Amino acid sequence: MKIGFIINPVAGMGGRVGLKGTDGLADLAAQLGGKPVSLKRAEEALLNIKDMENEIVFLTCSGKMGEKVLRNTPFRYQVIYQTPEMTTAEDTKKAARKMLDCDLILFSGGDGTACDIVSAIGKQVPILGIPAGVKIFSPVFCITPRECGRIVSSFLETAVKDVLDIDEEAYRNNELSVRIKGEALVPVSSAVQGGKEVSSAVDAKRDIAERIFDDFRVEGKDVLYIIGPGTTTMEVKNRFGIDGTLLGVDAVVNGKMVQKDACERHLLKAIKNCHGKVVIFVSPIGSQGFIFGRGNQQISPEVIKQADEIKVIASPDKLESTPTLHIDTGDLELDNKLRGHIKVQSGYHDFAMMKVV
């Protein structure tokens with residue numbers, strides 16, 4: 001089996017520092033303290049491909065676009081593209097075009113990386129994404145890096161899936177514009193995530209927000225509320241009367257915003273200054289079901305570990321299309337601790353028990 005292997009070395013660097021994407025902003029992400037994540041997640045995926053060391057040959061790029069990770073695995077590989085010091089989207093496209101005789105192209109990145117590969121090879125070769133970007137809306141990614149290893153070991157058939165991406169500049173300005181950028185052949189597996197769906201149940205979201213605000217008035221003194229991105233959580237921000245961000249993370253104490261569009265560093269500082277409980281509000285991505293690790297990386301494992309309570313909120317129609325919830329924080333021990341069942345508030349008086357896997 002011949003597998004193409006490409007890493008976007010800057011993918012995901014903007015997540016914890018609140019940039020909501022890294023396209024064209026890798027230098028700024030680094031200046032703000034963003035760390036590379038795609039190589040580590042790629043290695044995690046490869047080390048979970050079991051008992052196929054003698055059956056797989058990887059075709060890859062030199063250095064940080066592939067070879068650096070493959071050196072740490074038992075797999076055979078051949079470098080077929082020389083990576084320059086500064087990489088761009090063109091390097092991903094050029095490398096992908098050299099992998100047309102592969103049975104699969106495995107890549108580590110986000111939606112932008114998926115778009116680059118599909119723009120270069122179309123549906124000529126199946127692709128599978130290791131989730132490492134900030135935005136991961138396309139149904140071409142496995143749920144976690146560990147799942148990627150299982151899929152590579154076992155997939156038998158492929159299906160055509162849409163490749164999605166958003167306008168990052170609009171995204172940074174609080175606007176969500178998701179567009180189909182192409183189609184890809186993707187392994188059929190329950191471990192491949194679904195595409196993003198948008199819930200429109202306005203009344204249910206307002207009921208949820210009203211309940212949260214009423215609870216705040218009763219027991220919210222000195223509580224730090226860390227409120228994640230999304231339209232459901234935006235209703236909560238609106239009910240508090242704060243000028244919150246639709247697609248960012250905001251921190252609120254005593255009904256007042258203490259940090260708008262917070263990055264990980266801001267949240268850890270707010271926690272340090274907090275004299276009461278720390279409560280995190282998140283809403284799952286529709287259909288995909290991720291509550292941590294997709295579009296809200298600012299709420300990092302270090303932030304989650306210091307929270308007293310995690311509250312998940314979602315309208316009934318979103319829950320109907322989201323059979324299970326997922327977590328992919330990048331901290332396996334934390335992910336395992338959070339798995340199980342969690343109560344999801346779906347109305348003023350309504351709750352549902354959801355399984356987190």
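Note that the structure is predicted; figures quoted are calculated from it, not measured. (Residues numbered from 1 in each chain as written. Predicted model: local features only at pLDDT ≥ 70, side-chain atom pairs only at ≥ 80, totals over all residues. Heavy atoms only, no water.)

## Things to note about the pattern of salt bridges
Here the structure, examined in full by the defined rule, presents 18 salt bridges. Glu302 serves as the salt-bridge partner of Arg16, at 3.4 Å between the closest nitrogen and oxygen. You can see Arg16 sitting in the loop between strand S1 (2–7) and helix H1 (26–31) and its partner Glu302 sitting in helix H11 (residues 301–305), a full 286 residues away along the chain. Since its relative accessible area comes to 33%, Glu302 is described here as partly exposed. In this structure, Arg211 engages Asp215 in a salt bridge whose closest nitrogen and oxygen atoms are separated by 3.2 Å. Of this pair, Arg211 and Asp215 both sit in helix H8 (residues 202–219), 4 residues apart, roughly one helical turn. The exposure class of Asp215 is partly exposed, given its relative accessible area of 22%. Within the structure, one salt-bridge network assembled from shared partners comprises Arg16, Glu264 and Glu302. (Salt bridge = Lys/Arg side-chain N within 4 Å of Asp/Glu carboxyl O. Helix = DSSP H or I, 4+ residues; strand = E, 2+ residues; numbered from the N terminus. Buried < 20%, exposed > 50% of the residue type's maximum accessible area, 1.4 Å probe, protein only.)

## Examining the nonpolar core
Residues Phe5, Ile6, Phe58, Ile127 and Val140 are the most contacted members of the largest nonpolar core, which totals 50 residues. By residue number, the principal contributor to this core is helix H5 (residues 111–121), which donates 6 residues. Apart from the residues lying within four places of it in its own chain, the contact partners of Ile127 are Leu104, Ile105, Phe107, Ile117, Val118, Ile121, Val140, Ala184, Leu185, Val186 and Pro187. With 28 residues, the next largest nonpolar core counts Ala262, Cys274, Ile327 and Val356 among its residues. (Core = buried A, V, L, I, M, F, W, Y, C linked by side-chain atoms within 4.5 Å. Contact = heavy atoms within 4.5 Å.)

## A short note on the packing of helix H4 (residues 89–97) against H5
In the contact formed by H4 and H5, the axes pass within 8 Å of each other and the chain directions differ by 45°. Between H4 and H5, the angle is such that the two are oblique. The handedness of the crossing between H4 and H5 is right-handed. The residues of H5 that touch H4, namely those facing Ala89, Thr92, Lys93, Ala96 and Arg97, are Thr113, Asp116, Ile117, Ser119, Ala120 and Ile121. (Axes fitted to C-alpha atoms, helices over the stretch in contact; angles between N-to-C directions. Parallel < 35°, antiparallel > 145°, perpendicular 65-115°, else oblique. Left-handed = near helix turned anticlockwise from the far one by under 90°.)

## Overview of the pairing of strand S5 (residues 127–131)
For S5, the tally of buried residues reaches 5 of 5 residues, placing the bulk of the element in the interior. Residues Ile127, Gly129 and Pro131 line one face of S5 and the alternating positions Leu128 and Ile130 line the opposite face, and both faces are buried. In this sheet, S5 lies alongside strand S4 (residues 104–109) in parallel orientation, the contact comprising 5 bridges. Following the sheet pairing, Leu106 is matched in S5 by Leu128. Between the parallel pair S4 and S5, the chain is carried across by H5, and the sense of this crossover is right-handed. (Pairing = 2+ DSSP bridges. Right-handed = clockwise from strand over helix to strand, strands pointing away.)

## A word on the state of the cysteines
Under the counting rule described, the total for this entry stands at 1 disulfide. Note that Cys142 is cross-linked by a disulfide to Cys148, the S-S spacing being 1.6 Å. Cys148 matches Cys142 in its accessibility class, with the two residues each being buried. Lacking any disulfide linkage, Cys61 is separated from the closest cysteine sulfur, that of Cys102, by 11 Å. We classify Cys61 as buried; its relative accessible area is 0%. Cys274 supplies the cysteine sulfur nearest to Cys263, a cysteine that is in no disulfide, at a spacing of 17 Å. (Disulfide = S-S within 2.5 Å.)

## Looking at the packing of aromatic side chains
Each aromatic ring pair is characterised by the separation of its centres together with the angle its planes make. For the structure on display, the rule yields 9 aromatic pairs. Here Phe213 and Phe216 contribute two aromatic rings whose centre-to-centre distance is 5.6 Å and whose plane-to-plane angle is 45°, an arrangement assigned as tilted. Taken together, the positions of Phe213 and Phe216, both in helix H8 and 3 residues apart, correspond to about one turn of that helix. With a centroid separation of 5.0 Å and 55° between ring planes, the pair formed by Phe216 and Phe240 is classed as tilted. Here Phe240 lies in helix H9 (residues 231–240) and Phe216 lies in helix H8, a separation of 24 residues in the sequence. Given a relative accessible area of 13%, Phe216 falls into the buried group. (Phe/Tyr/Trp six-rings, centres within 6.5 Å; stacked < 30°, edge-to-face > 60°.)

## Structural notes on the sheet that holds strand S2 (residues 57–61)
Pairing in this open sheet of 5 strands is parallel, and the strands run S3-S2-S1-S4-S5 from one edge to the other. The sheet terminates laterally at strand S3 (76–81) and S5, the two strands that pair on one side only. Across this sheet, the average inter-strand angle for adjacent strands is 25°, counted without regard to direction. As paired elements, S1 and S4 share 5 bridges and run parallel to each other. Across the sheet, the residue bridging to Ile7 is Ser108, located in S4.

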